[in-house]
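# Overview (structure and organization)
Chain residues, written in single-letter form:
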There are 2 protein chains.
Amino acid sequence: MANTSNFLAKNKSVILYGVFLAALLFLLKWLELRFIIINHAFEIYAGSIAVIFTALGIWLALKLTRPKTILIEKDVFTGKPEAFILNEKELTKLNISKRELEVLQLMSVGLSNQEIALKLFVSLNTIKTHNARLFGKLEVKRRTQAIETAKRLCIIP
Amino acid sequence: MANTSNFLAKNKSVILYGVFLAALLFLLKWLELRFIIINHAFEIYAGSIAVIFTALGIWLALKLTRPKTILIEKDVFTGKPEAFILNEKELTKLNISKRELEVLQLMSVGLSNQEIALKLFVSLNTIKTHNARLFGKLEVKRRTQAIETAKRLCIIP
DNA sequence: TTAACCCTCATACTTTAGGGTGATTTTTCA
DNA sequence: TGAAAAATCACCCTAAAGTATGAGGGTTAA
């Protein structure tokens, strides 16, 4: 049962076309009976049929090929420059201070402790202290781990 | 001149259709003259016209609507689990070997040289050697820089 | 088969990173 | 205002990372 209704639904256009064609033939037959007497009306008749059925063909083709849209998948935003959204919840949860975050960021781009110290105008020992606290809060042992974890938690880009 | 040829090229299908239609009408006219004497041949004639021109209409519609492709933008997943595509070009350009890449990957997840050595069943010195070459090829001085650069170049995820 | 890599390992040395402890100053907030 | 938190710095020590050099074995392609 479901199959039958499904078939009808799917071929609605075809069936409609068939019915329309039959109706048209009847109409033409009637026209034939009426105007067969008129001389040279035959050309008009044939032309009419041609035009009408061409139109029908076009309509049919358009109906049947309606979903003729070539689907082109376009990956928007494939690249790296992903928008970074700082995970402030994690930041407060881990109780990481501004300065510590600053050190962490500089660390993540590959700077040494000495370079970070110079950049932040503090001593090397200060950076080491920041690091120690940072590692404790992030529960890691090395700076590379700290970077990995921080990136995973969206604390740094 | 250019406009004319351009017009001809663009409307080739339409012109072809017109010519074909004219030829067909001539053919039908000829058929009419030959078989008009036969009784009830008219129905066959009309049917033929209907079928032929329906087919023509379908063909025409398909021809004219072929380049009508609708572009559908589809962004595939915006979230974090971004598919990593290894940049093999950069890899070959930098002349980084398989083993070096392996070390680089383990390095990037925060492992120490000793841990990498244990994981790869080689000595610590071997890892150090790999590192030295890696740093040379990536033109960096530290492992954190190496990780940063490698990620930027899509050599590691 | 030779040259060119690649992977391996070693030794020796320097530099950097990290741990532990303690202390001072500044900021912040209740 | 007074305590907590944050930021600063020092010293000592160990661990890890990084540099330099040499060298042996395996694979591969000219």
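What comes next is a walk through the structure. What you see is a predicted model, and the numbers here were worked out from it, not measured in a lab.

## Details of the overall build of chain A
When helices and strands are counted, chain A shows eight helices and zero strands. Listing the helices and strands of chain A from first to last along the sequence gives α-α-α-α-α-α-α-α. When each of the 157 residues of chain A is scored for burial, the buried share is 32%. Within chain A, contacts between residues at least 6 apart in sequence are counted, and of these 60% link residues at least 24 apart. Per element, the accessible surface of chain A, about 10,400 Å² overall, is 65% carbon and sulfur.

## A short note on helix α8 (residues 143-152) of chain A
Turning to α8 of chain A, its buried residues number three or more, namely R143, T144, A146, I147, T149 and A150 of chain A. The secondary structure elements touched by the buried residues of α8 of chain A are α5 (98-108), α6 (113-120) and α7 (124-138) of chain A together with α5 (98-108) and α8 (143-152) of chain B. Downstream of α8 of chain A by one or two residues, C154 of chain A has phi in the positive range, about 60°.

## Quick look at the pattern of salt bridges
All names here are of chain B. Considering all chains together, one arrives at 10 salt bridges over all chains under this definition. Two residues, R152 and E148, come together in a salt bridge whose shortest N-O distance is 3.8 Å. On the criterion of helical spacing, the pair formed by R152 and E148 is a turn pair, its members being four residues apart in helix α8. Given a relative accessible area of 52%, R152 falls into the exposed group.

## Quick notes on the protein's contact with DNA strand C
In the vicinity of DNA strand C there are 19 residues, among which R143 of chain A together with S97, R99, S123 and N125 of chain B approach most closely. Near the protein, within 4 Å, the atoms of DNA strand C are sugar or phosphate in 66% of cases. N113 of chain A places a main-chain nitrogen or oxygen 3.1 Å from a phosphate oxygen of DNA strand C. The separation between a phosphate oxygen of DNA strand C and a polar side-chain atom of H130 of chain B is 3.0 Å. Of all the secondary-structure elements, those providing two or more residues to the surface near DNA strand C are α7 of chain A together with α5 and α7 (124-138) of chain B.

## Here we look at the packing of α5 of chain A against α7 of chain A
Residues and elements named next belong to chain A. It is at 10 Å that the axes of α5 and α7 come closest, and there the two elements cross at 95°. Here α5 is positioned roughly perpendicular relative to α7, judged by the angle of their axes. Note on element contacts: α7 touches α5 through I127, H130, N131, R133, L134, F135, K137 and L138, opposite R99, E100, V103, L104 and M107. Counted by class, the contact of α5 with α7 contains seven nonpolar, two polar and four charged residues.

## Some points on the protein's contact with DNA strand D
In the neighbourhood of DNA strand D, 19 residues make up the surrounding shell, with S97, R99 and S123 of chain A together with K128 and R143 of chain B lying closest. Looking at DNA strand D alone, sugar and phosphate atoms form 68% of those within 4 Å of the protein. With respect to DNA strand D, the backbone of S123 of chain A contributes an N or O atom lying 2.7 Å from a phosphate oxygen. One nitrogen or oxygen atom from the side chain of H130 of chain A is found 2.9 Å from a phosphate oxygen belonging to DNA strand D. Elements that contribute at least two residues to the surface near DNA strand D include exactly α5 and α7 of chain A together with α7 of chain B. No other element matches α7 of chain A, which puts five residues into the surface near DNA strand D. For the surface near DNA strand D, the per-class residue count stands at two nonpolar, nine polar and eight charged.

Criteria and thresholds
- Every chain is numbered independently, its residues counted from 1 as its sequence is written.
- Chain letters and ligand numbers both follow the written order, the letters beginning at A and the numbers at 1.
- Only residues with pLDDT of at least 70 are given local features in this predicted model, and only at 80 or more are side-chain atom pairs given and counted; all residues enter the totals for whole chains, interfaces and linings.
- Excluded from the side-chain calculation are hydrogens and water; included are all heavy atoms of the structure.
- Secondary structure elements follow DSSP: runs of H or I no shorter than four residues count as helices, runs of E no shorter than two count as strands, and numbering proceeds from the N terminus.
- Think of it in three bands: residues with accessible area under 20% of the maximum for their type are buried, residues over 50% are exposed, and the middle band is partly exposed, with areas taken using a 1.4 Å probe on protein chains only.
- Residues are treated as being in contact if the distance between any of their heavy atoms lies within 4.5 Å.
- We get accessible surface area from the Shrake-Rupley algorithm with a probe of 1.4 Å; when it comes to residues, only the shown protein chains can shield them.
- Here, a salt bridge means any side-chain nitrogen of Lys or Arg that lies within 4 Å of a carboxyl oxygen of Asp or Glu.
- Here a residue is considered near a molecule or strand provided that any single heavy atom belonging to it is located within 4 Å of it.
- Between N or O atoms, a polar contact is any pair within 3.5 Å; within protein, one atom must be a potential hydrogen donor and the other a potential acceptor, and residues adjacent in sequence are included only when both atoms are from side chains.
- Helix axes are fitted to C-alpha atoms over the stretch in contact, other axes to C-alpha atoms as well, and angles between N-to-C directions run from 0 to 180 degrees.
- Any angle between 65 and 115 degrees counts as roughly perpendicular, while under 35 counts as roughly parallel, over 145 as roughly antiparallel, and the rest as oblique.
- Under the grouping applied here, Gly and all other residues not named as nonpolar or charged are polar, the nonpolar ones being Ala, Val, Leu, Ile, Met, Phe, Trp, Tyr, Cys and Pro and the charged ones Asp, Glu, Lys and Arg.

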